[in-house]
Amino acid sequence: MAIRTAEMVESLRPAHGLDEDALLRYARDNVPGFPASSVKLVVSQFGHGQSNPTFLLQVNSGVSVQRYVLRKKPPGQLLESAHAIEREFQVLEALGVHTQVPIPKVFSLCTDVSIIGTAFYIMEFLDGRIFIDPKLPGLTSVQRRNIYNATAQALASLHKVDPDATGLTKFGRRDNYCKRQVERWAKQYLASTNDSKPYRNPKMLDLVDWLRQHIPLEDSSLSAGTGLVHGDFRIDNLVFHPSEDRVIGILDWELSTLGNQMCDVAYSCLPYIVETKYGNEQSYDGFEITGIPEGIPSQAEYLAEYCISTGKPWPAADWKFYIAFSMFRGASIMAGVYSRWIMGNASGGLRAQYGETLANVFIDLAWGFINQKSVLPDLPPSSLSLARDYQEDKDDLNIARGRFLPSSQVLELKHKLLKFMKDHIYPMEAEFSNRAHSTMRWTVHPEEENLKELAKREGLWNLWLPLDSAARARELLFDGVDFGSQGNWNNCLLGAGLSNLEYGYLCEIMGRSLWAPQVFNCGAPDTGNMEVLLRYGTKEQQQEWLLPLLEGKIRSAFAMTEPKVASSDATNIECSIRREGDSYVINGTKWWTSGAMDPRCRLLIVMGKTDFNAPLHKQQSMVLVDIETPGVHIKRPLLVFGFDDAPHGHAEVSFENVRVPVTNILLGEGRGFEIAQGRLGPGRLHHCMRCIGAAERAIQLMVQRALSRRVFGKLIAEQGSFLSNLAECRIELVRTRLLVLEAADQLDRLGIKKARGTIAMAKVAAPNMALKVVDTAMQVHGAAGLSSDTVLAHLWAASRTLRIADGPDEVHLGTIAKLELRRAKL
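Residues numbered from 1 in each chain as written. Predicted model: local features only at pLDDT ≥ 70, side-chain atom pairs only at ≥ 80, totals over all residues. Heavy atoms only, no water.

Participant: Could you give me a rundown of a positive patch on the surface, with the residues and numbers involved?
Facilitator: A contiguous patch of positive charge on the surface is contributed by Lys753, Lys754, Arg756, Arg822 and Lys825. No other element matches helix 24 (residues 752-781), which puts 3 residues into the positive patch. On the secondary structure map, Lys754 appears in helix 24. (Patch = residues over 30% accessible without salt bridge, like charges linked within 9 Å, V, L, I, M, F, W, Y side chains within 5 Å. Areas by Shrake-Rupley, 256 points an atom, 1.4 Å probe, with all protein chains shown as cover. Salt bridge = Lys/Arg side-chain N within 4 Å of Asp/Glu carboxyl O. Lys, Arg positive; Asp, Glu negative; His and termini not counted. Charge placed at Lys NZ, Arg CZ, Asp CG, Glu CD. Helix = DSSP H or I, 4+ residues; strand = E, 2+ residues; numbered from the N terminus.)

Rendered as C-alpha cells:
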C-alpha cells in the first residue's frame, strides 16, 4: 500500500537536532508567503531515505497550518563531493521555472552554516502517496500498470529537458559519464571500506574492472542519449497524486548531473532484478525471478514505454552494462550508508544497519546478471509486433498480385513509418498541442527539430517528392548526384524515388496525426511550394530557396487568397505586381496564407497580376518574396473553427510597396495561372491521402472507446447502432482509398491533364468521407469528442477546411461534370 507523505515522519533523531528559533527567523525573512507573526513551528523528520536528512516543517499561524520541507546536509565528516545540497536546489529551481517536470517548488537556499549547522534549502510540501514496495501490494492490476507507466513517463519528461534552455548547460559534463561514474563510485567504495570500516568485498574490485572494459561506445560522445540525469530515480523517490495514478513530484536530486540517461533507466529497473530488503533474508531476487505481480509490466514493456515517450533507441546491446553499473553503484551507496551508520550520522534510521548486507547482495547479483546469456529481447514489444506485421505483408506480397499492391520498398518504408509514428509522434502529440495553446504558441517545440533529424537518419525524409521533379533538381542543383552538397544523411534529400501511387500509402499514415507531416518534411504548404520551385524555378531560385526547404532549414507559405474577392477563381485576384526597372513592386492584401506565422517561414510565393489588360488567364504571375522584405506585414492569425494552428498559423498579410528583384519571377510574366494549374496535381492529392489517414485514426479511436465504455448495461461495441455505423465508416473509407489510389496511379501514368477528373473526384470524396467518419467517432466519444482532450475535434476542423482550402467542392464538381458532358459528346 501507499504511504501518505505526511505519515512518513518521526521524531527528530539526536544527531539531527536543529536550532528551531534560528530556523524560524530565517524562514520568516526568506520564504515567500511564510507567516510573519504568531507562529508555532513544529519540526519532525522523514524516516525514508538514506542520503540528505529531510524534515517536515509545520507552521501554525493561528488561522491555518502551512507545511514546508527542509532538506540539509548530514552532520559530521562527509565524503568529498557527497551531499551537494546546493546542486539539488539549482536543478529544482531551473526545472520549476523552465519545464513541466513534476517537482516540488523550491523557495530558498541557505549556505550560512551558522543557522542550523549545515547548508539547507526549503521547498514545497507535496501531499501525496509514496510507494515504498515496488511490488505495489494492495493495488489492483490496473492501478499497478498505471503506476509503472506513470513512472516511465515521469522519467521521460525529465530526460526530454534541454539543459541549454533551462540554464543547466554547466551542470555537468555530458561525455564519458559512465567512465567517470565508475571511477567515482569505485573511489567512494574504497573510502567507505577503508581501515576499520566495513568489509571490502574483492568481487567488487573485479566488478569495477569488468565495467571499465565494457563501457558503451555511446558514452564517449555527446549523443542524443545524454542530458539531465537524476541519479537516484526509483519508484520510492516519487510522490504520486493522492487519488490519481500520476506523478506530482520527483524527489532526492542529490546525485543529479548531466550525462548518460540510460543509467537512470537501468537504475529504475532494479526491482525487476533485486528486491531491496532490510534484514537477513534468504533471497533478494527481483520479481522477474520470483514472479511479476499482476498488472506490473515486464521489464521489456516498461522499457518500451520509456523509449516510446522519449524516442530513445532500444538498449538491448548494452543492457548488461547498465544494469551491472546500477548494482555496482547501489553497492557503493549502501556501503557508504553502512559506514555512516557505524559513525552514527546515517539518515535512514535502523534500515541503515543492513547496508553492508545489501552492498554484497548487489555485487553478487551484478555478476549473476552479467553471466546471463540474454537479458532483453533484440526488439521492444512494439517492434516485435510491427516486425510480425511486416513479415505477414511480405508473405502476402509473394502470393498475391494486384494493381495497387505496394512494392517491397514501399512495405519497408511503411513499417518504418508506422514504428516512427508509434514511437515518436503519438507520444508527443499532447506536448505539441499544449505548447500550441500556451504563451509560447508561436514558437517551435525543440523536440520537433530533433524528430526531423531522426526522420532524416531513418530515411523517412521528403518521401513526397515525385520522380520527375527530383530528376530535374538533381541535374540543376547537384549535377546529377543523388544528394545535397553536404551528402551527410542517407542520401535522401531528393526523396526515395517514389511514384505518387507509392507515396499514397505513406502519406496516409502521416495523415493520422496533424503534427506528423512536417516532421518528415512532407507538410503543406511546403510540399506544394517545393513542387513549384522544382518544376518552374531557375537554378538560381532553386539554390536560394529550394535547397533550404528540402533540407528543412526554413519553411514557406503560398499567398493567393484575398479577402475582397472570390479567390477560388484566380482571375479575380487584385494584388498588383508592377515592374519598375529591375524590380517588381507588390501591393495588395492576402489572407489564409497558411504557414506565414511560423517563425521558420522565410519564403512567400505570391500570386498577383502583372498586366490587368492581358487576356484573362495571362494576367497573373507568381513571384518569390523573402518574408523579411520591407513592406511585408504579418497582420494577424486567422482562426479555423477556433483553432489558430500555432505555430503554423493562417495569416493575413499585407504588401505595401514591397520591392523584389525581377529575377524573383517564376517562369515569366503572365504564367501564374499556368503554374497554379500545374501544381494542382501531386501537392493537392496529398490532402486526400492524409484524409484517409485521419479517418483511420478516427476509426481506431472510436473502436477503443466502444470497447471500454458501457451504456445501458453493455459495451458501446455491443450496441447495434454502433456496429452499423462502424461498418458504414469502413465501407466509405475503403471506397475512398481506392479512388485516391486510382487518382494517384492515373497521375503517374497519364499525367496531370488526363488525370484531372479523377483527381477532382478524390478531392471531393476524401474530405467528405473523413468528415463523416470523424463525426461518427466524435459521437461515440460523447462530450469528450468535442473537446481538446482528443484529437478528433481538430481532425474534423482540418477535414472541413479542405472542402474550401483545397478548392471548393463546387469547382471540383464542375470539372467532373464538364468532363462527363465532353465524353458524352464523343
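Having seen the model, we can carry on.
Participant: If you had to explain the nonpolar core to someone new, which residues and values would you point to?
Facilitator: Formed by 123 residues in total, the largest nonpolar core has its most connected members in Phe520, Ile586 and Leu604. Here this core gets 12 residues from one element, more than from any other, and that element is helix 22 (residues 682-706). Residues Val208, Ile235, Ala324 and Phe362 belong to the second largest nonpolar core, which totals 99 residues. (Core = buried A, V, L, I, M, F, W, Y, C linked by side-chain atoms within 4.5 Å. Buried < 20%, exposed > 50% of the residue type's maximum accessible area, 1.4 Å probe, protein only.)

Participant: Outline unusual backbone geometry, listing residues and values.
Facilitator: A cis amide bond links Ala524 to the next residue, Pro525, at an omega of 0°. In this fold, Pro525 is placed in the loop between helix 18 (516-519) and helix 19 (526-536). Between Ala646 and the following residue, Pro647, the backbone shows a cis peptide bond with an omega angle of 5°. Relative to the elements of secondary structure, Pro647 occurs in the loop between strand 18 (632-637) and strand 19 (650-661). Unusually for a residue other than glycine, Asp252 sits at a positive phi of about 60°. By the element assignment, Asp252 lies in the loop between strand 11 (247-250) and strand 12 (257-260). Taking relative accessible area as the criterion, Asp252 reaches 11% and is therefore assigned buried. Phi at Asp645 takes a positive value of approximately 55°, unusual for a residue other than glycine. Note on placement: Asp645 falls in the loop between strand 18 and strand 19.

Participant: Which residues make up the pairing of strand 16 (residues 601-609), and what values do they have?
Facilitator: Within strand 16, 8 of the 9 residues are buried, which leaves it mostly tucked inside the rest of the structure. Sheet topology note: the strand 13 (residues 555-559)/strand 16 ladder contains 5 bridges and is parallel. Bridge pairing in strand 16 places Arg555 opposite Cys601. Strand direction decides the pairing type here: strand 16 and strand 17 (residues 620-626), joined by 7 bridges, are antiparallel. (Pairing = 2+ DSSP bridges.)

Participant: Break down the pattern of salt bridges for me, citing the residues and quoting the values.
Facilitator: Should the charged atoms of two oppositely charged side chains come close, the side chains can pair. The full count for this structure, using the stated rule, is 43 salt bridges. Between Arg600 and Glu449 there is a salt bridge, and its shortest N-O distance comes to 2.6 Å. Linking Arg600 in the loop between strand 15 (583-594) and strand 16 with Glu449 in helix 15 (residues 446-457), this pair joins segments that are 151 residues apart in sequence. Using a relative accessible area of 28% as the deciding quantity, one classes Glu449 as partly exposed.

Participant: Kindly report on the sheet that holds strand 7 (residues 120-124), identifying the contributing residues and their values.
Facilitator: One open sheet accounts for 6 strands, arranged 2-3-4-5-7-6; its pairing is antiparallel. The sheet is open, and its two edges are formed by strand 2 (9-10) and strand 6 (106-110), each paired on a single side. Contacting strand 5 (65-72), strand 6 and strand 7, helix 2 (residues 85-98) crosses the sheet at an angle of about 155° to strand 6. (Contact = heavy atoms within 4.5 Å. Axes fitted to C-alpha atoms, helices over the stretch in contact; angles between N-to-C directions.)

Participant: Please provide a residue-by-residue account of the packing of aromatic side chains, values included.
Facilitator: The full count for this structure, using the stated rule, is 16 aromatic pairs. Ring centres of Tyr148 and Tyr272 lie 6.3 Å apart, and the angle between their planes is 70°; on these two criteria the pair is classed as edge-to-face. Highlighted residues: Tyr148 in helix 3 (residues 141-159) and Tyr272 in helix 7 (residues 270-273), separated in sequence by 124 residues. Both residues of the pair, Tyr148 and Tyr272, belong to the buried class. Members of the aromatic cluster, each reached through a chain of ring pairs, are Tyr148, Tyr272, Phe287 and Tyr302. Its guanidinium or amino end placed over the ring of Trp461, Lys456 lies 4.8 Å from that ring's centre, counting from NZ or CZ. (Phe/Tyr/Trp six-rings, centres within 6.5 Å; stacked < 30°, edge-to-face > 60°. Lys NZ or Arg CZ within 6 Å of the ring centre and 35° of its normal.)

Participant: Tell me about helix 14 (residues 429-436), and name the residues and values.
Facilitator: Every buried residue belonging to helix 14 is among Glu429, Phe432, Arg435 and Ala436, and all of these are buried. Angularly, the buried residues of helix 14 cover 135° about the axis, an arc narrow enough to put them on a single face. Buried residues along helix 14 sit in contact with helix 13 (408-425), helix 15 and helix 22. (Arc of directions from axis to C-beta.)

Participant: Can you lay out the pairing of strand 17 for me, pointing to particular residues and giving the numbers?
Facilitator: Along strand 17, 7 of the 7 residues are buried, which leaves the element largely enclosed by surrounding structure. Burial along strand 17 is two-sided: the face carrying Gln620, Met622, Leu624 and Asp626 and the face carrying Ser621, Val623 and Val625 are both buried.

Participant: Describe the confidence of the model for the protein, listing the residues and the values that go with them.
Facilitator: Residues at a pLDDT of 70 or more form 90% of the protein, whose mean pLDDT is 87. Throughout residues 483-490 the model reports pLDDT below 50, and contacts reaching past four residues in sequence, or to other chains, amount to 12 contacts. (pLDDT = per-residue confidence, 0-100.)

Participant: Give a description of helix 2 that names residues and reports values.
Facilitator: Think of an α-helix as 3.6 residues a turn; residues three or four steps apart then line up on the same face. The first and last C-alpha atoms of helix 2 sit 20 Å apart over 14 residues, in line with the 20 Å expected at 1.5 Å per residue. For helix 2, every residue scored as buried is listed here: Ile85, Glu88, Phe89, Val91, Leu92, Ala94 and Leu95. For helix 2, the secondary structure elements touched by its buried residues are strand 5, strand 6, strand 7, helix 3 and strand 9 (226-229). (Expected span 1.5 Å × (residues − 1).)

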